[in-house]
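So you can see what is in the structure, the chains are spelled out below.
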Protein chains: 2
Amino acid sequence: MAQRLDMHDDDLDSRAREVLREIILQHIASGEAISSRSLARCGRFRLSPASLRNVMADLEDLGYLQQPHTSAGRVPTDRGYRFFIDHLMKSHLLTDAERHAIDDQVGHASQIEEVLHLTSSLLSKLSDQIGVVFMPTLLQFAIRSIDFILVAENKIMCVIVGTNGVIVNKVIETRLAFTREELEKIGRYITSECSGMTLDAIRRRLIRLTEEERALHDEMLRKTIALGIEAVNDVAPVEHDLYLEGASSILLKPEYSDAQAMRKTFLALQEKEKLIEILESFLSEDGLQILIGSESDFTQVHNFSIVARRYGNQSAPLGMVGIIGPMRMEYARIAPLVDYLGRALSRKIEEQQEREL
Amino acid sequence: MAQRLDMHDDDLDSRAREVLREIILQHIASGEAISSRSLARCGRFRLSPASLRNVMADLEDLGYLQQPHTSAGRVPTDRGYRFFIDHLMKSHLLTDAERHAIDDQVGHASQIEEVLHLTSSLLSKLSDQIGVVFMPTLLQFAIRSIDFILVAENKIMCVIVGTNGVIVNKVIETRLAFTREELEKIGRYITSECSGMTLDAIRRRLIRLTEEERALHDEMLRKTIALGIEAVNDVAPVEHDLYLEGASSILLKPEYSDAQAMRKTFLALQEKEKLIEILESFLSEDGLQILIGSESDFTQVHNFSIVARRYGNQSAPLGMVGIIGPMRMEYARIAPLVDYLGRALSRKIEEQQEREL
DNA sequence: GATTGGCACTCGACGGCAGGGAGTGCTAAC
DNA sequence: GTTAGCACTCCCTGCCGTCGAGTGCCAATC
């Protein structure tokens, strides 16, 4: 592929850059392969089709373009898109409508999971791609409180709140009988005893407590510990950590005009673990992340691109929001959208935390 | 259409019935139009293709079959399917594996919403169609308890439990400040005051209380009422009442071999309100419900069929589980599956209620 | 030396056409 | 009532020629 190993970006003179840029823009707009003629026609270049063909041939040699078949126009490669994004793209400004839509949605936040749903669904509409949210988990964060509510004779709901604002609730069935008052007391006890620790630390602490002498005599303490262990076990549903919104928005795109491609795409979106893996790998990075086609195994096979951004900061819920779609997408418009949303969410979360302290 | 208005089921002699039955079975298995020859070949009839053609022509006149085009075999109409289901179908017995899979899944129940998800997802796999669940709501049921938990300075989670076992929780933001102890007291107060009433009745009761004299003086009572009203407002998210599971399972079916049909189908599945409408209309019926193609506006357009069953009884959560798929589906296998699942769920719920009383 | 017009070539898309096959309806014979 | 035979219809497939879009290359031009 790479005929010249010492090749790097500035191998492209400004004319080649402009041509590459125009080809990508046109291709993004139309989905078609771009011919030398249509470049000449657009008026940005005072060159004949023949000259443009020479430039295009060079760009193809460098791996930025490719031909679907002889006698077809050119289409950008993943490398082409990458170069475009890194060096050629002029990000659009968000329209007032877009900004307001996002601000409104984020502003009306109450429970973080709900906000994430709504905003990513909005994002999907604005970008006309598939919205994706990677939920924050409680695992690596300190717990603020654990409470218990009697839901039925033998069923207790426990509500765990993390210092990152995430709320998890689950119903546990137990053979032991508890009264409301007991549960309130247990909640207060465990919260005061364990707040500030991670779930894992709490579990270890509780297990250690069972071995202490007190527990042997104190019936109530034993019940408390048993319930507490139940509560912290198996928090964090893996499947549900990832939400995809508006998958139907890609139905109309020309890259999915044949049934085979559509099938493959939908099946791909089922493989949530792969997606989670990718998004998790971005968690440590700040700022907007763009992953194009062959840059990961998953996106390569399906010609996907992912534009995503972390929300929250190191001390807050740490998750990802973004979109996923075919490689051919309006990066210049979508990138700032995702970025803005991520920032808005992070700001919102920070405000909430400050208010609570 | 109906050339003979007084026509009814027994217009079909036993031979015609057998032919109709065989055509539908073969069509369900293959998806192809069925010819007189392939009927003759199957060996069930000691008749020549020519004779079978006569029978088939009759069945077509009666509206049970149709030809996609001249010189094609016959395909069942919705009417044909309806007759098949009502009079000709011999339901399969569930296999041990199927029964066990369902029993296991239902047995491991803890929170009803979770069970519904798991079982309908299982159903989707077993039937190779789209699993559908219509969630029970709290609206028409008496409330058992309402509790409040302090989640953050200005955020309170309230947990509402219905006598039907449904648990709803939501986080409300408030400008008023509450302590844990206050919230526990408020929960006890509202629960004792309002348990046994529906959400709507509770709202009215609370509003009436604000007008009473006591409320003017008692600061705490005012806060209690305000919080209570917040809690019972806007319970019952409409969008989320319907879950579809395993939509990708229909991707491989031949009726969706072209992209256009697939697109239309996926867009149709977005119109959840329509589906909710249909399922709600079944809520009052006990026993298995099968809706075929033109029998409702929604299913007509998209050639869907729905096989669903109510779970729970009059006093319990009342929702629907079932599957949705193309008209051509293995009714003989799917109907007993859905029925069994519905019964298992209902039994489970009844057991739970008894244990709690 | 860069640019360009011209030209041959390639390839996919489209339409018309013929042949084969599958299936039916009808009729006449059994 | 059943069946064989036959004519007819329609779809599907492959074939072929044409058309158009696009390229690569070369020689002429500025």
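Refer to the structure printed above.
Caption draft 1: Quick look at the relation of the copies chain A and chain B. The two copies are related by a screw motion: chain A maps onto chain B through a turn of 180 degrees and a shift of 0.0 Å along the axis, at an RMSD of 0.2 Å. What the rotation and shift describe, once combined, is the action of a two-fold rotation axis. Closest approach to the rotation axis within chain A is made by the C-alpha atom of Ala259(A), at a distance of 2.2 Å. Here 97% of the interface residues in chain A have copies in chain B that are interface residues too; the copies meet face to matching face.

Caption draft 2: The arrangement of the protein's contact with DNA strand D in detail. Taken together, 20 residues form the shell around DNA strand D, and within it Ser35(A), Ser36(A), Ser51(B), Thr70(B) and Ser71(B) come nearest. Within the residue set of the surface near DNA strand D, elements represented by two or more residues are helix 2 (36–42) and helix 3 (49–61) of chain A together with helix 3 (49–61) of chain B. Here the surface near DNA strand D gets 4 residues from one element, more than from any other, and that element is helix 3 of chain A. Its residues assigned to classes, the surface near DNA strand D comprises 6 nonpolar, 11 polar and 3 charged.

Caption draft 3: Structural context of the protein's contact with DNA strand C. Around DNA strand C, a shell composed of 20 residues is seen, among which Ser48(A), Thr70(A), Ser71(A), Ser35(B) and Ser36(B) lie nearest. For the surface near DNA strand C, the secondary-structure elements that each account for two or more residues are helix 3 of chain A together with helix 2 (36–42) and helix 3 of chain B.

Caption draft 4: A look at the interface of chain A and chain B. Between chain A and chain B, the contact holds 30 residues from the first and 29 residues from the second. Going through the elements one at a time, strand 4 (143–152), strand 5 (155–162), strand 6 (167–173), helix 11 (259–270) and helix 14 (331–356) of chain A are the ones with two or more residues in the side of chain A that touches chain B. Top element by residues in the side of chain A that touches chain B is helix 11 of chain A. It accounts for 6 residues. Partitioned by chemical class, the residues of the side of chain A that touches chain B number 15 nonpolar, 7 polar and 8 charged.

Caption draft 5: Molecular detail of the nonpolar core. Counting 175 residues, the largest nonpolar core has Ile149(A), Val321(A), Val338(A), Leu341(A), Ile149(B), Val321(B) and Val338(B) as the members making the most contacts within it. It is helix 14 of chain A that contributes the most residues to this core, 10 residues altogether. Beyond its immediate sequence surroundings of up to four residues, Leu341(A) is in contact with Ile102(A), Thr119(A), Leu123(A) and Val321(A).

Caption draft 6: Structural detail: the environment of Leu138(A). Residue and element names in this part refer to chain A. Relative to the helices and strands, Leu138 is located in the loop between strand 3 (130–134) and strand 4. Judged by the 21 C-beta atoms lying within 10 Å of it, Leu138 is buried. Remark: the alpha-carbon pair of Leu138 and Ala57, spanning 81 residues in sequence, is separated by 53 Å.

Caption draft 7: Focus on the sheet that holds strand 9 (residues 304–311) of chain A. Residue and element names in this part refer to chain A. One open sheet accounts for 5 strands, arranged 7-3-10-9-8; its pairing is antiparallel. Strands with a single pairing partner mark the edges of an open sheet, and in this sheet they are strand 7 (242–245) and strand 8 (288–292). The sheet shows a mean angle of 20 degrees between the axes of neighbouring strands, direction not considered. Sheet analysis places strand 9 next to strand 10 (residues 319–326), joined by 8 bridges and oriented antiparallel. Paired with Ala308 across the two strands is Gly322, which belongs to strand 10. On top of the sheet, helix 6 (residues 112–127) reaches strand 3, strand 7 and strand 10; it is set at about 155 degrees to strand 3, its chief contact. Along the sheet, helix 12 (residues 272–282) contacts strand 3, strand 7, strand 8, strand 9 and strand 10; its crossing angle with strand 9, the most-contacted strand, is approximately 50 degrees.

Caption draft 8: Inspection of helix 4 (residues 78–88) of chain B at higher detail. If you check which residues of helix 4 of chain B are buried, you get Asp78(B), Gly80(B), Tyr81(B), Phe83(B) and Phe84(B). Looking at the packing, one finds that the buried side of helix 4 of chain B touches helix 1 (14–30), strand 1 (65–66), strand 2 (75–76) and strand 8 (288–292) of chain B.

Caption draft 9: Broad picture of the packing of helix 1 of chain B against helix 4 of chain B. Residue and element names in this part refer to chain B. Closest axis-to-axis distance for the helix 1/helix 4 pair is 10 Å, and the angle between their directions is 115 degrees. In terms of orientation, helix 1 lies roughly perpendicular with respect to helix 4. Considering how the two elements wind past one another, helix 1 and helix 4 form a crossing that is left-handed. Of the residues in helix 4, those in contact with Arg17, Leu20, Arg21 and Ile24 of helix 1 are Gly80, Tyr81, Phe83, Phe84 and Leu88. Split into classes, the residues belonging to the contact of helix 1 with helix 4 amount to 6 nonpolar, 1 polar and 2 charged.

Conventions we followed
- Residues numbered from 1 in each chain as written.
- Chains lettered and ligands numbered in written order.
- Predicted model: local features only at pLDDT ≥ 70, side-chain atom pairs only at ≥ 80, totals over all residues.
- Least-squares fit on C-alpha atoms with pLDDT ≥ 70 in both.
- Contact = placed C-beta atoms within 7 Å.
- Near = placed C-beta within 6 Å.
- Helix = DSSP H or I, 4+ residues; strand = E, 2+ residues; numbered from the N terminus.
- Nonpolar A, V, L, I, M, F, W, Y, C, P; charged D, E, K, R; others polar.
- Core = buried A, V, L, I, M, F, W, Y, C linked by C-beta atoms within 7 Å.
- Buried ≥ 20, exposed ≤ 12 C-beta atoms within 10 Å, placed from the backbone.
- Pairing = 2+ DSSP bridges.
- Axes fitted to C-alpha atoms, helices over the stretch in contact; angles between N-to-C directions.
- Parallel < 35°, antiparallel > 145°, perpendicular 65-115°, else oblique.
- Left-handed = near helix turned anticlockwise from the far one by under 90°.

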